[in-house]
Amino acid sequence: MLAIARFNVALGNAAHFEAELSVALDAMAQCAGFVKGEIGQNLDESSLWTLVTHWENVGSYRRALSNNNVKMNAIPLLAQAIDEPGAYEKPYSE
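Presented here is a report on the structure given in the accompanying data block. (Residues numbered from 1 in each chain as written. Predicted model: local features only at pLDDT ≥ 70, side-chain atom pairs only at ≥ 80, totals over all residues. Heavy atoms only, no water.)

Two faces, one strand: in a regular strand the side chains alternate between the faces of the sheet. In the sheet, strand E2 (residues 34-41) pairs with strand E3 (residues 48-55) via seven bridges, with the strands oriented antiparallel. Within E3, the residue paired with Glu38 across the bridge is Val52. (Pairing = 2+ DSSP bridges. Helix = DSSP H or I, 4+ residues; strand = E, 2+ residues; numbered from the N terminus.)

Right, here's the structure in full:
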């Protein structure tokens, strides 16, 4: 399962925002089912940032969002994300 959160951040806040993203990612990384994660800044539009995390399954991701450390260190940041769907799975082939 892949979770993507995108953010639009003023350039003057970039360094502070990057530090907040790192704290959020660290909090999520401590949760069961976390596989890997990364942060990125868009190459063409430097005010756009992303937090991408990979999870064993959607249940692991949802449980992580209920974790107290994640609630304190990631949820306030995730609330600032661009309002769009962000949970993805590999397509099912039948």
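Our next topic: the pattern of salt bridges. Side-chain pairs of opposite charge can arise where the charged atoms are in close proximity. Counting across every chain of the model gives one salt bridge. Between Glu84 and Arg6 there is a salt bridge, and its shortest N-O distance comes to 2.6 Å. Of this pair, Glu84 sits in the loop between helix H4 (75-78) and strand E4 (87-88) while Arg6 is found in strand E1 (residues 2-8), placing the two residues 78 residues apart along the sequence. (Salt bridge = Lys/Arg side-chain N within 4 Å of Asp/Glu carboxyl O.)

Our next topic: the sheet that holds E2. Within the open sheet, the four strands sit side by side as E2-E3-E1-E4. Their pairing is antiparallel. In the strand order of this sheet, the two ends are held by E2 and E4, each with one partner. The pairing of E1 with E3 spans seven bridges and is classified as antiparallel. Looking at the pairing, Leu2 lines up with His54 of E3. Of the strands in this sheet, E1, E2 and E3 touch helix H1 (residues 14-29), which is tilted by about 10° from E3. (Contact = heavy atoms within 4.5 Å. Axes fitted to C-alpha atoms, helices over the stretch in contact; angles between N-to-C directions.)

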